[in-house]
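# Understanding the architecture of this molecule
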Amino acid sequence: MKGIVSVCCFISLLVLASAEEEEEELPTSILRDRSHIEETLRLASEEPASDYAAALQKLRKIYHTSIKPMEQAYKYNELRQHEISAYPGRTLGASATDGEITSKPMVLFLGPWSVGKSSMINYLLGLQDTPYQLYTGAEPTTSEFTVITYGEKIRSIEGIVMAADSSRSFSPLEKFGQNFLEKLVGIEMPHKLLERVTFVDTPGIIENRKQQERGYPFNDVCQWFIDRADLIFVVFDPTKLDVGLELEMLFRQLKGRESQIRIILNKADSLATQDLMRVYGALFWSLAPLINVTEPPRVYVSSFWPYEYEPDTSRDLFKREEISLLEDLNQVIENRLENKIAFIRQHGIRVRIHGLLVDRYVQTFKDKMSFFSDPELVFQEIVDDPDKFYIFKSILAKTNVSKFDLPNRDAYRDFFGINPITSFKPLSAQCSYMGGCLLDKIERAITAELPGLLSSITSGKNPSLSSCEATGCGEKPKNRYRRH
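This write-up is about the structure you can find in this document. These numbers were taken from a predicted model, which means no experiment stands behind them.

## Here's the deal with unusual backbone geometry
Positive phi, normally seen in glycine, also occurs at Arg-42, with a value near 50 degrees. Counting through the fold element by element, Arg-42 comes out in the loop between α2 (35-41) and α3 (49-73). Residue classification places Arg-42 among the buried positions, given a relative accessible area of 18%. Of note, the phi angle at Lys-267 is positive, near 55 degrees, even though the residue is not glycine. Note that Lys-267 resides in the loop between β7 (261-265) and α10 (273-287). Classification of Lys-267 as partly exposed rests on a relative accessible area of 32%.

## A few points about the sheet that holds β7
Within the open sheet, the eight strands sit side by side as β3-β4-β2-β5-β1-β6-β7-β8. Their pairing is mixed. A strand with exactly one partner marks an edge of an open sheet, and here the two such strands are β3 (155-158) and β8 (298-301). Recorded for the sheet is a direction-independent mean angle of 20 degrees between the axes of neighbouring strands. In the sheet, strand β1 (residues 106-110) pairs with strand β6 (residues 231-236) via four bridges, with the strands oriented parallel. The residue of β6 that forms the bridge with Leu-110 is Val-234. Sheet strands touched by helix α5 (residues 117-125): β1, β2 (145-150), β4 (184-189), β5 (198-201), β6 and β7. Its angle to β5, the strand with the most contacts, is close to 155 degrees.

## Some thoughts on the packing of aromatic side chains
Taken as a whole and assessed by the stated rule, the structure comprises 26 aromatic pairs. On the numbers, 6.0 Å between centres and 45 degrees between planes, the contact of Phe-145 with Phe-218 is tilted. Of the two residues, Phe-145 sits in strand β2 while Phe-218 sits in helix α8 (residues 218-228), which places them 73 residues apart along the sequence. According to the relative accessible area criterion, Phe-218 is buried, its value standing at 3%. Their ring planes at 70 degrees and their centres at 6.0 Å tell us that Tyr-412 and Phe-415 sit as a pair that is edge-to-face. Of this pair, Tyr-412 and Phe-415 both sit in helix α15 (residues 409-418), three residues apart, which is roughly one turn of that helix. Assessed through its relative accessible area of 1%, Phe-415 is described here as buried. Members of the aromatic cluster, connected to one another through ring pairs, are Tyr-74, Tyr-361, Phe-365, Phe-379, Phe-392, Tyr-412, Phe-415, Phe-416 and Phe-424. We note Arg-32 situated over the ring of Tyr-123; from NZ or CZ to the ring centre the distance is 5.1 Å.

## As for the packing of helix α12 (residues 336-368) against helix α14 (residues 391-398)
Where α12 meets α14, the axes come as close as 10 Å, and the angle between the chain directions of the two elements is 120 degrees. Our classification of the angle between α12 and α14 gives oblique. The handedness of the crossing between α12 and α14 comes out as right-handed. Here Leu-356, Leu-357, Arg-360, Tyr-361 and Thr-364 of α12 lie close against α14, whose contacting residues are Ile-391, Phe-392, Ser-394, Ile-395 and Lys-398.

What counts, and where the lines are drawn
- Residues numbered from 1 in each chain as written.
- Predicted model: local features only at pLDDT ≥ 70, side-chain atom pairs only at ≥ 80, totals over all residues.
- Heavy atoms only, no water.
- Helix = DSSP H or I, 4+ residues; strand = E, 2+ residues; numbered from the N terminus.
- Buried < 20%, exposed > 50% of the residue type's maximum accessible area, 1.4 Å probe, protein only.
- Pairing = 2+ DSSP bridges.
- Axes fitted to C-alpha atoms, helices over the stretch in contact; angles between N-to-C directions.
- Contact = heavy atoms within 4.5 Å.
- Phe/Tyr/Trp six-rings, centres within 6.5 Å; stacked < 30°, edge-to-face > 60°.
- Lys NZ or Arg CZ within 6 Å of the ring centre and 35° of its normal.
- Parallel < 35°, antiparallel > 145°, perpendicular 65-115°, else oblique.
- Left-handed = near helix turned anticlockwise from the far one by under 90°.

Written as structure tokens, this is what we have:
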């Protein structure tokens, strides 16, 4: 009996010793080297803050003196196109604000749940294993829209505070209701990258849950952020390639923004090379019906998190893909001022077209009115059939407006439904001795002032060696944002 007890004790000791050895042999997760992130994004370089601030101040002055007066005179911000957008990337009735002019480039993360959106932000900002990292997990974890931006100290800001502060450019989000503001969170932190860009993490798409159960208009909120994003990362992982109704709706909202979209196949090192090729093909097959363009968005294949790649995987390929994506991000950061000028000029063109159309409606109404006419019936006839009175054709014939820039006719039926035609003056009456004419000022801004500001910036910029040229990661991507 004693022998049996001794054997049992010996076996128990062996098991315990073996368990201790295994516990000692279990490697801790090795963190990946992040030096290429700082090198590619050039975070160590100093920004020419004074030149940038001066150009931004001049841009604001041009907007306030030349574009905003016509915007206010003809109530441009009340023009709505709903689902029909004449201008890709921005809803027609979106009014520019000081917050949008001065805001940093916005990078938006979209995609199904638990594909690594929050982990990717943690990795880019180096937040892993810090008290400030975004929460991640295998289950749906992000239920809020999280805006990560620069601040002198680390703090969290509630959505109602962000919406109340007009300087943050998020005040328009109040229109989506208090339920949404409870799902909006801001995080400020003193990070070098956040001095130049703002990240927005979004709730993952869950196809088996009805959209209305979110308690707020999820697609409308997504559209608001999509309209203002300079770069859009749509993230997938090898296990979530199915396309459902909510994802289809998301890609419909991305129409016209293909140049800003980057598709990311994340967690690529979890598959063998042969399986990864099959998954890559399956991703294209799933997205092909949703992205109907000649040149599809760029697809990056890598694992965007802070731990080392799995052994026996294409780590060199993943590293080159990661550097290439960082170069894309760097293009947006370096050209942010040019993008702002291009946006304000595009906005000015839309405001000018709106002013010309309202002026044409006013002139037509005055020409058709007589002493015995019913004003409501006359104008209703004009609004219902503007082609009969050559409203839009006359704009094309007498101005240098492109027919592709003309807004939808139905938008003006709604616009004049809430704004009586008698509340507007013709453009010929929108002149003053000291201030000049509204039309002259906005045309001068579009044709001379804004292009002059843009050329002064581009001519003074010294091109530097790109990180890809320095590290041999391939050809530097073309600047898809600068307008030639």
